[in-house]
Amino acid sequence: MNKLLIATNNQGKVKELHGLLQGMDIELVTPSQIGLDLDVLEDGLTYAENAAKKAIAFAKASNLISLADDSGLEVDALNGAPGLYSARYGPHLTLPLFSASQKMGGAGGGSDADRRKYLLGKLQDHPRPWTARFHATIAIAIPNGDIHLAVGICEGEIIPTERGTGGFGYDPIFLLPELGRTMSELSMDEKNRLSHRAKAVINAREILKILFSR
């Protein structure tokens, strides 16, 4: 079976990607499963630059086709913040350079709950609705350095009270108005149709079919 390296050890992302790539003749492996310890500095100015840098580094190091993503929450009232820095948003945010492992742990300290609290504090002086979107860019790299990109966007709004127990990150305060539920209140099947990462992966599936048919 063809192997695809998922360039993350973030278990939330790994679980989502397993569900999203179901039915394809592909074995998903993580860096830890193949003994690969690689930390990539995410110094790009766009989601695409960061995702591509990670995917290329992991593909060259493993000699496997590799998939990486970069994603963020963009809140209109905050001029698109936290954006690229969503994973470490907070009063400790000072420098734009950080690695994938620092993002997973929230570089500079702070948990997902801390970041949600900080975001809501920033929004208190702005009128609602706090319209926002999740943006995800997926990069698929082959070991020779060729790169393919896919994008997914999920529109919604930020609400002041957390709801739901599923998901991670900003999911409990990200409302999908047409459903009246937050991302954390969705079933896995629903999230695998509606989330930003789901939409990006759906677009990426066609790329993977072509790459693995060669």
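These numbers come from a predicted model, not from an experiment. (Residues numbered from 1 in each chain as written. Predicted model: local features only at pLDDT ≥ 70, side-chain atom pairs only at ≥ 80, totals over all residues. Heavy atoms only, no water.)

Asks: In this structure, what is going on with the packing of aromatic side chains? I would like to understand it.
Replies: The tally for this structure, following the rule as stated, stands at two aromatic pairs. Plain terms: the ring middles of Tyr89 and Tyr118 are 5.0 Å apart, the flat faces sit at 75° to each other, and that makes the pair edge-to-face. In this pair, Tyr89 sits in the loop between β4 (66–75) and β5 (98–99) while Tyr118 sits in helix α4 (residues 112–123), placing the two residues 29 residues apart along the sequence. When its relative accessible area of 9% is taken as the criterion, Tyr89 is described as buried. The interplanar angle of 40° and the centroid separation of 4.4 Å between the aromatic rings of Phe134 and Phe174 together place this pair among those described as tilted. (Phe/Tyr/Trp six-rings, centres within 6.5 Å; stacked < 30°, edge-to-face > 60°. Helix = DSSP H or I, 4+ residues; strand = E, 2+ residues; numbered from the N terminus. Buried < 20%, exposed > 50% of the residue type's maximum accessible area, 1.4 Å probe, protein only.)

Asks: Sorry if this is basic, but what is going on with helix α6 (residues 196–213) here?
Replies: Note: α-helices contain 3.6 residues per turn, so residues at a spacing of three or four share the same orientation. An ideal rise of 1.5 Å per residue puts 26 Å on 18 residues; α6 measures up with 26 Å between its terminal C-alpha atoms. At Ala204, α6 shows its maximal bend, which comes to roughly 30°. Turning to α6, its buried residues are His196, Arg197, Ala198, Ala200, Val201, Ala204, Arg205, Ile207, Leu208, Leu211 and Phe212. (Expected span 1.5 Å × (residues − 1). Bend = angle between axes of the 7 residues up to and from the residue.)

Asks: I keep staring at the nonpolar core and nothing clicks. Help me out?
Replies: A general tendency of soluble globular proteins is for nonpolar side chains to be buried together. One finds Leu4, Leu67, Ile140 and Leu208 to be the most contacted residues of the largest nonpolar core, which totals 23 residues. Of all the secondary-structure elements, those providing two or more residues to this core are β1 (2–6), α1 (11–20), β2 (26–29), β6 (130–141) and α6. Counting residues per element, this core draws most heavily on α6, at eight residues. Excluding residues within four positions of it along the chain, Ile140 makes contact with Ile65, Ser66, Leu67, Asp146, Ile147, His148, Ala204, Ile207, Leu208 and Leu211. (Core = buried A, V, L, I, M, F, W, Y, C linked by side-chain atoms within 4.5 Å. Contact = heavy atoms within 4.5 Å.)

Asks: Before we go on, may I ask you to explain the side chain of Lys13 in this structure?
Replies: Residue position: Lys13 is located in helix α1. Owing to a relative accessible area of 14%, Lys13 belongs among the buried residues under this scheme. A polar atom in the side chain of Lys13 sits 2.9 Å from the side chain of Asp69. Setting aside its immediate chain neighbours within four residues, Lys13 contacts Thr8, Asp69, Phe168 and Arg197. (Polar contact = N/O pair within 3.5 Å; in protein donor to acceptor, adjacent residues only side chain to side chain.)

Asks: Can you help me understand helix α2 (residues 47–62) in this one?
Replies: In this model, α2 (16 residues) spans 23 Å end to end at C-alpha, consistent with the 22 Å of a helix rising 1.5 Å per residue. Asn63 lies just past α2 and shows a positive phi near 60°.

Asks: Hey, could you run me through the environment of His126 in this one?
Replies: Relative to the elements of secondary structure, His126 occurs in the loop between α4 and β6. Between the alpha carbons of His126 and Ala77 there is a distance of 6.8 Å; along the sequence they are 49 residues apart. When neighbours within four sequence positions are excluded, His126 is seen to be in contact with Ala77 and Leu78.

Asks: Sorry if this is basic, but what is going on with the pairing of β4 here?
Replies: The side chains of a regular strand alternate, residue by residue, between the two faces of the sheet. β4 sits mainly inside the fold: 10 of its 10 residues count as buried. By the alternation rule, side chains of β4 split into Ser66, Ala68, Asp70, Gly72 and Glu74 and Leu67, Asp69, Ser71, Leu73 and Val75, which are all buried. As paired strands, β1 and β4 are joined by two bridges and run parallel to one another. Counted as the bridge partner of Ile6 is Leu67 from β4. The sheet contact formed by β4 and β6 spans 10 bridges and is antiparallel. Within β6, the residue paired with Asp70 across the bridge is Thr137. (Pairing = 2+ DSSP bridges.)

Asks: Looking at this structure, I do not really get the pattern of salt bridges. What am I missing?
Replies: Working definition: two side chains of opposite charge can pair if their charged atoms are close together. Evaluation of the coordinates by the stated rule reveals 14 salt bridges. Measuring nitrogen to oxygen at the nearest pair gives 3.1 Å for the salt bridge that ties Glu16 to Arg197. Taken together, the residues Glu16 in helix α1 and Arg197 in helix α6 connect sequence positions 181 residues apart. Since its relative accessible area comes to 3%, Glu16 is described here as buried. (Salt bridge = Lys/Arg side-chain N within 4 Å of Asp/Glu carboxyl O.)

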